[in-house]
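# Per-entry structural report
Here is how the chains run, residue by residue.
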Amino acid sequence: AQSVSQHNHHVILSEAASLELGCNYSYGGTVNLFWYVQYPGQHLQLLLKYFSGDPLVKGIKGFEAEFIKSKFSFNLRKPSVQWSDTAEYFCAVVNSGGYQKVTFGTGTKLQVIP
Amino acid sequence: EPEVTQTPSHQVTQMGQEVILRCVPISNHLYFYWYRQILGQKVEFLVSFYNNEISEKSEIFDDQFSVERPDGSNFTLKIRSTKLEDSAMYFCASHLAGVSEQFFGPGTRLTVL
């Protein structure tokens, strides 16, 4: 069974600081990887996704993530966070093909202090 | 841009009552899902639905739960006899055939008293 682990449960940063959120997954087959964001009181929104090709993917709002297959990792990064990035971030994995249930990580709450 | 919609946004019910949560997936999507998120916990898969039948379900999805696509647009989740522990945010999602990106609805917050 696939699983996703996110190492940081709660991260507090000052504005303009750099962000890196860790994500590791376990699954034996080919996977597609996602980062979702949930702003306070809002629903899940897709930040970025990796299906294949260039392992460095760029998403919305200046976020990027790097897929490192040998480490089963898909860490999320942003060089300079803003107060508006305060949200909860979920790493997720879907096995390619078939019925594609999303397996989510436990989430990381990011708090950006002005 | 097309989006998944869900109604109601918030449902309050008494323990033991039946609830039906409604979702309208994106119109040309073929795969449908329900997930739930208990407050403070991660989003968990409940069930997937394709070609008018359940394709996969989690251990959470017991006999109290059922899903239906009663017409060409709605996708419903019914909880037959709600329990306190069913209180959660329920998300519907859908996607096209052969595409992994799922589009999530805004969720229905279910509160069981």
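Residues numbered from 1 in each chain as written. Chains lettered and ligands numbered in written order. Predicted model: local features only at pLDDT ≥ 70, side-chain atom pairs only at ≥ 80, totals over all residues. Heavy atoms only, no water.

## Things to note about the packing of aromatic side chains
Heads up, the condition is: Aromatic rings from Phe, Tyr and Trp, with only the six-membered ring used for Trp, were paired whenever their centres fell within 6.5 Å, and each pair was classed as stacked if the ring planes differed by under 30 degrees, edge-to-face if by over 60, and tilted otherwise. Numbering of helices and strands starts at the N terminus; helices are DSSP runs of H or I of at least 4 residues and strands are runs of E of at least 2. A 1.4 Å probe rolled over the protein chains alone gives each residue an accessible area, and that area as a share of the maximum for its type sets the label: buried under 20%, exposed over 50%, partly exposed in between.
For the structure on display, the rule yields 19 aromatic pairs over all chains. When the ring of Tyr-31 of chain B is compared with that of Tyr-50 of chain B, the centres are 4.3 Å apart and the planes differ by 10 degrees; the resulting orientation is stacked. Pair noted here: Tyr-31 of chain B is in strand 4 (residues 31–37) and Tyr-50 of chain B is in strand 5 (residues 43–50), with a separation of 19 residues, a long-range link. Overall, Tyr-50 of chain B belongs to the partly exposed group, its relative accessible area being 27%. One aromatic cluster is present, built from ring pairs that chain together Phe-34, Tyr-36, Phe-51, Phe-90 and Phe-104 of chain A together with Tyr-33, Tyr-35, Phe-45 and Phe-104 of chain B.

## Re the state of the cysteines
All names here are of chain A. So the rule is basically this: We call a pair of cysteine sulfur atoms a disulfide when they lie within 2.5 Å.
According to the stated counting rule, one finds 2 disulfides over all chains in the structure shown. Note on cysteine connectivity: Cys-23 is disulfide-linked to Cys-91, with sulfurs 1.9 Å apart. Between Cys-23 and Cys-91, the S-S torsion sits near -65 degrees, and that sign places the bridge as left-handed. Of this pair, Cys-23 sits in strand 4 (residues 23–26) while Cys-91 sits in strand 10 (residues 87–95); the two residues are 68 residues apart in sequence, bridging distant segments of the chain. When its relative accessible area of 0% is taken as the criterion, Cys-23 is described as buried.

## A word on the sheet that holds strand 1 (residues 5–7) of chain B
All names here are of chain B. Under the convention used in this document: By this definition, two strands are paired if DSSP reports at least two bridges between them. To obtain each axis, a line is fitted to C-alpha atoms, and for helices this fit is confined to the stretch in contact; angles are then taken between N-to-C directions over 0 to 180 degrees.
Judged by pairing direction, the sheet is antiparallel, and its 4 strands sit side by side in the order 1-3-8-7 without closing on themselves. Both outer strands of the open sheet, strand 1 and strand 7 (65–68), are each paired with one neighbouring strand and no more. Neighbour to neighbour, the strand axes of the sheet diverge by 20 degrees on average, direction disregarded. One ladder, built from 5 bridges, connects strand 3 (residues 19–24) with strand 8 (residues 75–79); its direction is antiparallel. Bridge pairing in strand 8 links Arg-22 to Thr-76.

Any link to function would need more than the numbers given here.
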